[in-house]
Amino acid sequence: MHDIRPELRNCTICRDRFAVTATEHAPRPVVWFDPGARLLIASQAPGARAHASQKPFTDPSGKRLRDWLGLDEAQFYDRGRVAIVPMAFCFPGYDAQGSDLPPPKVCAETWRAQALAMLPDLRLTLLIGGYSIAWHLGRKMPVTEAVRDAQAHGAGIFALPHPSWRNTGWMKRNPWFEAEILPELRRRVTDAMND
(Lines give C-alpha, C1' and ligand atoms only; values in the text may rest on other atoms or scores of the structure.)
Protein backbone atom coordinates (compact mmCIF):
# COMPACT_ATOMS: atom_id res chain seq x y z
CA MET A 1 0.00 0.00 0.00
CA HIS A 2 1.42 3.35 -1.07
CA ASP A 3 1.38 5.98 1.71
CA ILE A 4 0.11 9.17 0.08
CA ARG A 5 0.04 11.24 3.27
CA PRO A 6 3.43 13.00 2.87
CA GLU A 7 2.61 14.00 -0.71
CA LEU A 8 -0.94 14.99 0.25
CA ARG A 9 0.30 17.25 3.08
CA ASN A 10 2.36 19.15 0.48
CA CYS A 11 -0.39 19.42 -2.16
CA THR A 12 -0.79 22.88 -3.76
CA ILE A 13 -3.04 22.11 -6.74
CA CYS A 14 -5.58 24.69 -5.55
CA ARG A 15 -3.07 27.47 -4.86
CA ASP A 16 -4.31 29.73 -7.67
CA ARG A 17 -7.97 29.01 -6.86
CA PHE A 18 -7.52 29.92 -3.17
CA ALA A 19 -5.51 33.06 -3.97
CA VAL A 20 -8.58 34.67 -5.58
CA THR A 21 -11.03 33.87 -2.77
CA ALA A 22 -12.09 36.50 -0.24
CA THR A 23 -9.67 34.87 2.23
CA GLU A 24 -6.71 34.84 -0.22
CA HIS A 25 -5.19 31.90 1.65
CA ALA A 26 -2.63 29.29 0.68
CA PRO A 27 -3.34 25.55 0.65
CA ARG A 28 -2.78 23.72 3.97
CA PRO A 29 -4.18 20.20 3.65
CA VAL A 30 -5.54 18.75 6.89
CA VAL A 31 -4.58 15.07 6.77
CA TRP A 32 -6.14 13.05 9.59
CA PHE A 33 -6.12 9.30 8.94
CA ASP A 34 -3.97 6.24 9.53
CA PRO A 35 -4.28 2.72 8.13
CA GLY A 36 -6.21 0.52 10.55
CA ALA A 37 -9.02 3.02 11.17
CA ARG A 38 -12.42 1.44 11.62
CA LEU A 39 -14.66 4.49 11.30
CA LEU A 40 -14.55 6.86 8.32
CA ILE A 41 -15.92 10.36 8.66
CA ALA A 42 -16.35 11.40 5.03
CA SER A 43 -16.83 15.12 5.56
CA GLN A 44 -16.92 18.10 3.20
CA ALA A 45 -13.83 20.27 3.78
CA PRO A 46 -11.95 21.79 6.71
CA GLY A 47 -13.27 25.08 8.01
CA ALA A 48 -11.20 28.16 8.80
CA ARG A 49 -10.42 26.96 12.35
CA ALA A 50 -9.27 23.54 11.15
CA HIS A 51 -7.15 25.29 8.51
CA ALA A 52 -5.44 27.28 11.28
CA SER A 53 -5.09 24.43 13.80
CA GLN A 54 -4.43 21.61 11.28
CA LYS A 55 -6.94 19.51 13.25
CA PRO A 56 -10.39 18.73 11.80
CA PHE A 57 -13.62 19.77 13.46
CA THR A 58 -12.04 22.18 15.96
CA ASP A 59 -15.19 24.26 16.10
CA PRO A 60 -18.79 24.01 17.39
CA SER A 61 -19.71 21.66 14.53
CA GLY A 62 -17.07 19.23 15.83
CA LYS A 63 -18.58 19.30 19.30
CA ARG A 64 -22.02 18.62 17.84
CA LEU A 65 -20.67 15.79 15.68
CA ARG A 66 -18.92 14.16 18.65
CA ASP A 67 -22.20 14.38 20.60
CA TRP A 68 -24.07 12.76 17.71
CA LEU A 69 -21.53 9.92 17.55
CA GLY A 70 -21.27 9.40 21.31
CA LEU A 71 -17.48 9.84 21.18
CA ASP A 72 -15.29 11.92 23.45
CA GLU A 73 -12.41 14.00 22.04
CA ALA A 74 -9.78 11.33 22.67
CA GLN A 75 -11.80 8.69 20.80
CA PHE A 76 -12.74 11.06 17.98
CA TYR A 77 -9.16 12.19 17.34
CA ASP A 78 -7.62 8.70 17.55
CA ARG A 79 -6.38 8.41 13.95
CA GLY A 80 -5.76 4.71 14.35
CA ARG A 81 -9.51 4.18 14.86
CA VAL A 82 -11.19 7.22 13.25
CA ALA A 83 -10.25 8.48 9.79
CA ILE A 84 -11.46 11.95 8.81
CA VAL A 85 -11.23 12.13 5.02
CA PRO A 86 -13.03 15.17 3.59
CA MET A 87 -14.08 15.73 -0.01
CA ALA A 88 -11.40 18.44 -0.08
CA PHE A 89 -8.43 18.41 2.30
CA CYS A 90 -8.00 22.21 2.37
CA PHE A 91 -10.22 25.02 3.56
CA PRO A 92 -11.92 26.21 0.33
CA GLY A 93 -12.26 29.80 1.57
CA TYR A 94 -15.14 32.25 1.64
CA ASP A 95 -16.82 34.13 -1.14
CA ALA A 96 -17.23 37.93 -1.10
CA GLN A 97 -20.38 37.58 1.08
CA GLY A 98 -18.55 35.49 3.68
CA SER A 99 -20.19 32.18 2.73
CA ASP A 100 -18.24 28.93 2.54
CA LEU A 101 -17.07 27.99 -0.92
CA PRO A 102 -17.72 24.39 -2.03
CA PRO A 103 -14.94 21.81 -1.86
CA PRO A 104 -12.99 21.93 -5.14
CA LYS A 105 -13.77 18.80 -7.19
CA VAL A 106 -10.13 18.47 -8.24
CA CYS A 107 -9.22 17.46 -4.69
CA ALA A 108 -11.49 14.41 -4.63
CA GLU A 109 -10.53 13.58 -8.22
CA THR A 110 -6.84 13.66 -7.29
CA TRP A 111 -6.74 12.17 -3.79
CA ARG A 112 -9.95 10.46 -2.66
CA ALA A 113 -9.52 6.98 -4.15
CA GLN A 114 -5.88 6.85 -3.00
CA ALA A 115 -6.79 7.92 0.54
CA LEU A 116 -9.61 5.38 0.80
CA ALA A 117 -7.29 2.63 -0.50
CA MET A 118 -5.18 3.22 2.62
CA LEU A 119 -8.16 2.34 4.83
CA PRO A 120 -8.91 -1.37 4.25
CA ASP A 121 -10.23 -2.03 7.78
CA LEU A 122 -13.23 0.34 7.73
CA ARG A 123 -16.38 -0.98 9.35
CA LEU A 124 -18.56 2.14 9.08
CA THR A 125 -18.55 5.16 6.77
CA LEU A 126 -20.36 8.33 7.82
CA LEU A 127 -21.31 10.58 4.92
CA ILE A 128 -21.42 14.16 6.20
CA GLY A 129 -23.36 16.58 3.98
CA GLY A 130 -24.48 16.71 0.38
CA TYR A 131 -21.10 16.60 -1.38
CA SER A 132 -20.01 13.47 0.46
CA ILE A 133 -23.41 11.81 0.06
CA ALA A 134 -23.42 12.42 -3.72
CA TRP A 135 -19.85 11.14 -4.19
CA HIS A 136 -20.20 8.00 -2.10
CA LEU A 137 -23.70 7.03 -3.22
CA GLY A 138 -22.97 7.88 -6.85
CA ARG A 139 -25.93 10.22 -7.24
CA LYS A 140 -27.25 13.51 -5.99
CA MET A 141 -30.13 13.28 -3.61
CA PRO A 142 -31.63 15.61 -1.02
CA VAL A 143 -29.76 15.35 2.29
CA THR A 144 -33.03 14.84 4.18
CA GLU A 145 -33.90 11.85 2.00
CA ALA A 146 -30.41 10.35 2.37
CA VAL A 147 -30.47 10.76 6.16
CA ARG A 148 -34.02 9.41 6.56
CA ASP A 149 -33.14 6.38 4.41
CA ALA A 150 -30.14 5.45 6.57
CA GLN A 151 -30.95 1.73 6.44
CA ALA A 152 -31.16 1.73 2.61
CA HIS A 153 -27.46 2.53 2.14
CA GLY A 154 -26.23 -0.74 3.62
CA ALA A 155 -24.78 -1.72 6.97
CA GLY A 156 -21.48 0.02 6.36
CA ILE A 157 -22.81 3.46 5.33
CA PHE A 158 -24.67 6.11 7.29
CA ALA A 159 -25.68 9.54 5.89
CA LEU A 160 -25.82 12.64 8.09
CA PRO A 161 -26.49 16.34 7.66
CA HIS A 162 -23.55 18.62 8.28
CA PRO A 163 -23.31 19.32 12.04
CA SER A 164 -22.98 23.07 11.41
CA TRP A 165 -25.02 25.56 13.43
CA ARG A 166 -26.60 26.47 10.06
CA ASN A 167 -28.48 23.16 10.24
CA THR A 168 -30.09 23.84 13.62
CA GLY A 169 -33.30 24.83 11.81
CA TRP A 170 -33.19 21.60 9.81
CA MET A 171 -32.95 19.61 13.04
CA LYS A 172 -35.97 21.46 14.50
CA ARG A 173 -38.00 20.74 11.34
CA ASN A 174 -36.97 17.07 11.44
CA PRO A 175 -37.33 15.88 15.04
CA TRP A 176 -37.17 12.24 13.85
CA PHE A 177 -33.42 12.77 13.34
CA GLU A 178 -32.72 13.13 17.04
CA ALA A 179 -35.38 10.64 18.15
CA GLU A 180 -34.73 7.83 15.64
CA ILE A 181 -31.48 8.33 13.74
CA LEU A 182 -29.07 9.36 16.49
CA PRO A 183 -29.66 6.31 18.74
CA GLU A 184 -29.05 3.98 15.76
CA LEU A 185 -26.00 6.00 14.73
CA ARG A 186 -24.48 5.73 18.21
CA ARG A 187 -25.10 2.00 18.29
CA ARG A 188 -23.40 1.50 14.94
CA VAL A 189 -20.47 3.72 15.88
CA THR A 190 -19.97 1.75 19.11
CA ASP A 191 -20.10 -1.54 17.17
CA ALA A 192 -17.57 -0.28 14.59
CA MET A 193 -15.17 1.03 17.21
CA ASN A 194 -15.32 -2.09 19.39
CA ASP A 195 -15.25 -4.92 16.84
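Here is a short report on the structure shown in this document. (Residues numbered from 1 in each chain as written. Predicted model: local features only at pLDDT ≥ 70, side-chain atom pairs only at ≥ 80, totals over all residues. Heavy atoms only, no water.)

**Some details on the pairing of strand β1 (residues 39–42)**
Every regular strand shows the same layout, with side chains that alternate between the two sheet faces.
Inference 1: What you see with β1 is no split at all: Leu39 and Ile41 on one side and Leu40 and Ala42 on the other are buried throughout.
Inference 2: Where β1 and strand β2 (residues 82–84) come together, three bridges link them in parallel fashion. Note that in β2 the partner of Leu39 across the bridge is Val82.
Inference 3: One ladder, built from four bridges, connects β1 with strand β3 (residues 124–128); its direction is parallel. The residue bridging Leu39 from the neighbouring strand is Leu124, located in β3. (Buried < 20%, exposed > 50% of the residue type's maximum accessible area, 1.4 Å probe, protein only. Helix = DSSP H or I, 4+ residues; strand = E, 2+ residues; numbered from the N terminus. Pairing = 2+ DSSP bridges.)

**Considering the layout of surface pockets**
Inference 1: Empty space within the largest pocket amounts to approximately 920 Å³.
Inference 2: Lining the largest pocket are 37 residues, with Ser61, Asp100, His162, Ser164 and Arg166 positioned closest to its centre.
Inference 3: For the lining of the largest pocket, the secondary-structure elements that each account for two or more residues are α3 (48–53), α4 (60–69) and α7 (130–137).
Inference 4: Looking at the lining of the largest pocket residue by residue, the classes come out as 23 nonpolar, nine polar and five charged.
Inference 5: What lines the second largest pocket is Met87, Pro102, Pro103, Pro104, Lys105, Ala108, Glu109, Gly130, Tyr131, Ala134, Trp135 and Lys140.
Inference 6: Mapped onto the lining of the second largest pocket, the elements with two or more residues apiece are α6 (105–117) and α7.
Inference 7: The class makeup of the residues in the lining of the second largest pocket is eight nonpolar, one polar and three charged. (1 Å grid on protein atoms, 1.4 Å probe; cavity = no way out; pocket = protein on both sides within 12 Å on 5 of 7 lines; lining within 4 Å. Points joined across faces, edges and corners; volume = space filled by probe spheres on them. Nonpolar A, V, L, I, M, F, W, Y, C, P; charged D, E, K, R; others polar.)

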